[in-house]
Amino acid sequence: MSLEHRIAVARGDADADLVLRGGTVVNVLSGELERADVALAGDRIAAVAPSIQGPREVDCSGRWLAPGFIDAHMHLESTMVSLSEFARAVVPRGTTAVVLDPHEIANVFGVEGIRWILDSRDGVPLAAYVMASSCVPATHMETSGATLEAADLSPLLAEPGVLGLAEVMNFPGVVAGLPPLLDKLRAAGDRVIDGHAPGLTGRDLDAYLCAGPGSDHEATTLEEASEKLRKGMRILIREGSTARNLDALLPLVTATTERRCCFATDDRHPADLLAEGHIDHVIRRAIDGGLAPILAYRLATLNAAEWFGLDRLGHGSLRPGGRADIVVLEDLEGVEVSATYVAGSAAAREGRPRWEAHPPPPAPTGAFRLPDGWWERLPLPWRDAPARVIEVVPGQIVTGAGTTRPLRAEDGTIAMDEASDVRKLAVIERHGRSGRMGVGLVAGLGLPRGAIASSVAHDSHNVIVAGADDASMRTAVEAVAEARGGIAVALDGEVLALLALPIAGLMSERSLEAVAAELQTALHAYRAVGGTHSEPFMALSFLALPVIPALKLTDHGIVDVTRFEVVPLWEND
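Below is a summary of the structure that appears in this document. Since we're looking at a predicted model, the values are computed, not measured. (Residues numbered from 1 in each chain as written. Predicted model: local features only at pLDDT ≥ 70, side-chain atom pairs only at ≥ 80, totals over all residues. Heavy atoms only, no water.)

## Considering helix α16 (residues 512-528)
Over its 17 residues, α16 extends 24 Å from the first C-alpha to the last, a length consistent with the 24 Å expected when each residue adds 1.5 Å. Close packing links the buried residues of α16 with α2 (83-90), α11 (270-275), β26 (451-454), β28 (486-491), β29 (494-500) and α17 (536-541). Taken from the residues just after α16, Gly530 is the one with a positive phi, measuring 95 degrees. (Helix = DSSP H or I, 4+ residues; strand = E, 2+ residues; numbered from the N terminus. Expected span 1.5 Å × (residues − 1). Contact = heavy atoms within 4.5 Å.)

Next up, the structure:
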């Protein structure tokens, strides 16, 4: 559609391609709810004014018109499906743009994985932008399938649709001034740089900010978020599947601070997308929590667009010249979406997508190879001494650092006690690069019997397994390996459930509904062995992430994140 035609429609001298008439516009620019018609010319809004008429009209009387919702930070890989399948779930709920950090698949396949995500956008009515993954691997204390240096990122940063540098997770390395990290920050130039600095405070936070990161989605307390906002960071309030920080951070959003806040999901599982929704769910919960509706919609639209510079591309508000990404709402506070327009076209109506599903492009392939005889390294020699225990924190991806509850000895090795919540945890390198394996202890997974294993193990995505006995752990791991990735539940020698994730060991080509159903089957199997954690597989996947305090486990061993070093199992060693 020509610029001349758009201007003519705006003047009223030419017919609009479509007029949304009779609705109330949610004006996130002025903070008003205004009665106005919206005229569309091609993929843009030509006019927002009363009494616009045209040959094609949609009656929006009694409804609200809001800008399309934006997820300010998310990992597509956590949805376990392709971008096309993800879009079919979230576009009908009002999401029209997402900012993706593809570092999960990048940790498996490097630049090739990121380019697969970029190629997956073709034909999908969702504006999917990418941030170049900054920490592949996240630290030197793990083995990933690939390594990205500044020279690898520079070409990506120049590509259309790549906005900047994704979450800089190795904050201790930044604070220490490690040259490879600083090279990546320099490569970003004046592009946006996302941060990732859980618990960072004081002068160390100052040092981190001097390096360039300008946002954070890892704040879990009001005090932490307030200091980061005070020092200039944008706060991406995260409400995902495991990390749910909205309730704690909502008091941060006031009339004087709200422009520095956005919404993000980070990691969202299939079942939650289907049952609760996406950014619509976050808006709904924020309004239920007392946030004024106009502010909730602004955090989900304009604020995110401005942080990433997407407002210059027309995202974030309903204004003349802006992108015609429009959400039609039956209920403003309940965020009940009746239609979604993406770039001027009706992409969804009444909760249903209006485009045909299509498979993603062929995914990269690579090694999925466990070390020979890895199970022989599972036994841990028993000692009458305090042992470090990774403590799962409900609703968070941070963990505690505890010491062992009473452990039982059997043939000179540690045996799990049904009366205790302590279970064995192992991370096995699966990229065929090091053959390493780390073994430790975890509490809080609520697993009295059997084992659960997964190739989704942030961020290097080796195979992680937790269990009450070595036989069940071996069975679960072998099931995951045979499927070339996935999630398994096992008891002794029997595989009780298996969700295959053959794309990088992280994703499936099947529908979101099919993946959610198999994930639910795995959850039922976990419950059948007595499991009590609400999100066991998501919780398990984050136990290998050595940039989130306090204790984690990688293929290198137990990582004390606060000290940023590998430590022994036994405290007095």
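## Some remarks on the nonpolar core
Counting residues in hydrophobic clusters, the biggest one holds 163 residues, and the most contacted among them are Phe86, Phe263, Ile283 and Tyr297. Broken down by element, the residue count for this core peaks at 7 residues, all from α16. Filtering out sequence-adjacent residues up to four positions away, Ile283 remains in contact with Phe69, Phe263, Ala296, Tyr297, Ala300 and Val335. Core analysis: the second largest hydrophobic core is formed by 18 residues, Ala127, Met131, Val192 and Leu310 among them. (Core = buried A, V, L, I, M, F, W, Y, C linked by side-chain atoms within 4.5 Å. Buried < 20%, exposed > 50% of the residue type's maximum accessible area, 1.4 Å probe, protein only.)

## Here's the deal with the pairing of strand β1 (residues 18-21)
Pairing between β1 and strand β4 (residues 37-41): 3 bridges, direction antiparallel. Paired with Val19 across the strands is Ala39, a residue of β4. For β1 and strand β6 (residues 57-59), the ladder comprises 3 bridges, and the chain directions are parallel. Within the sheet, the bridge partner assigned to Val19 lies in β6 and is Glu57. (Pairing = 2+ DSSP bridges.)

## Remarks on the environment of Asp267
Relative to the helices and strands, Asp267 resides in the loop between β15 (261-264) and α11. Classification of Asp267 as buried rests on a relative accessible area of 6%. Once you skip the residues sitting within four places of it in the chain, Asp267 turns out to touch His75, Ser78, Glu104, Gly240, Ser241, His458, Met538 and Phe542. Only 2.3 Å separates the side chain of Asp267 from the side chain of Ser78, close enough to count as a polar contact. (Polar contact = N/O pair within 3.5 Å; in protein donor to acceptor, adjacent residues only side chain to side chain.)

## What about the pattern of salt bridges?
Tallied over the full model, the rule gives 31 salt bridges. Of the charged contacts, one joins Asp272 and Arg244 as a salt bridge, the two residues approaching to 3.5 Å between their closest N and O atoms. On the criterion of sequence distance, the pair formed by Asp272 in helix α11 and Arg244 in the loop between β14 (234-238) and α10 (246-249) is long-range, its members being 28 residues apart. The partly exposed category is assigned to Arg244, whose relative accessible area is 29%. In this structure, Arg323 and Asp325 form a salt bridge, with 2.9 Å as the shortest nitrogen-oxygen distance. For Arg323, a relative accessible area of 16% puts it in the buried group. Classification of Asp325 as buried rests on a relative accessible area of 5%. One network of salt bridges, in which partners are shared, links Arg21, Arg35, Asp37 and Glu57. (Salt bridge = Lys/Arg side-chain N within 4 Å of Asp/Glu carboxyl O.)

## A short note on the packing of helix α5 (residues 150-157) against helix α7 (residues 179-188)
Between α5 and α7, the least distance of the axes is 9 Å, while the angle of their chain directions is 15 degrees. One element, α5, and the other, α7, form an angle in the roughly parallel class. Handedness of the crossing formed by α5 with α7: right-handed. Seen from α5, the contacting residues are Ala150, Leu153, Ser154 and Leu157; seen from α7, they are Asp183, Lys184, Ala187 and Ala188. (Axes fitted to C-alpha atoms, helices over the stretch in contact; angles between N-to-C directions. Parallel < 35°, antiparallel > 145°, perpendicular 65-115°, else oblique. Left-handed = near helix turned anticlockwise from the far one by under 90°.)

## Quick look at the environment of Leu20
As for its placement among the helices and strands, Leu20 is situated in strand β1. In sequence terms Leu20 and Glu239 are 219 residues apart; their C-alpha atoms lie 32 Å from each other. Those residues in contact with Leu20 that sit more than four places away from it in its chain are Ala36, Asp37, Val38, Val58, Cys60, Leu65, Ile326 and Tyr341.

## Description of the sheet that holds β6
Spatially, 4 strands are ordered β5-β4-β1-β6 in an open sheet, and the strand pairing comes out mixed. Sheet topology places β5 (44-49) and β6 at the edges, where each strand pairs with a single neighbour. Taking each pair of neighbouring strands and ignoring which way they run, the sheet shows an average axis angle of 20 degrees. Two strands pair when backbone bridges link them, and β4 and β5 are joined in this way by 5 bridges, in the antiparallel orientation. Opposite Asp37, over in β5, you have Ala49 as the bridge partner. Docked against the sheet, helix α1 (residues 3-11) engages β4 and β5, running at close to 10 degrees with respect to β5.

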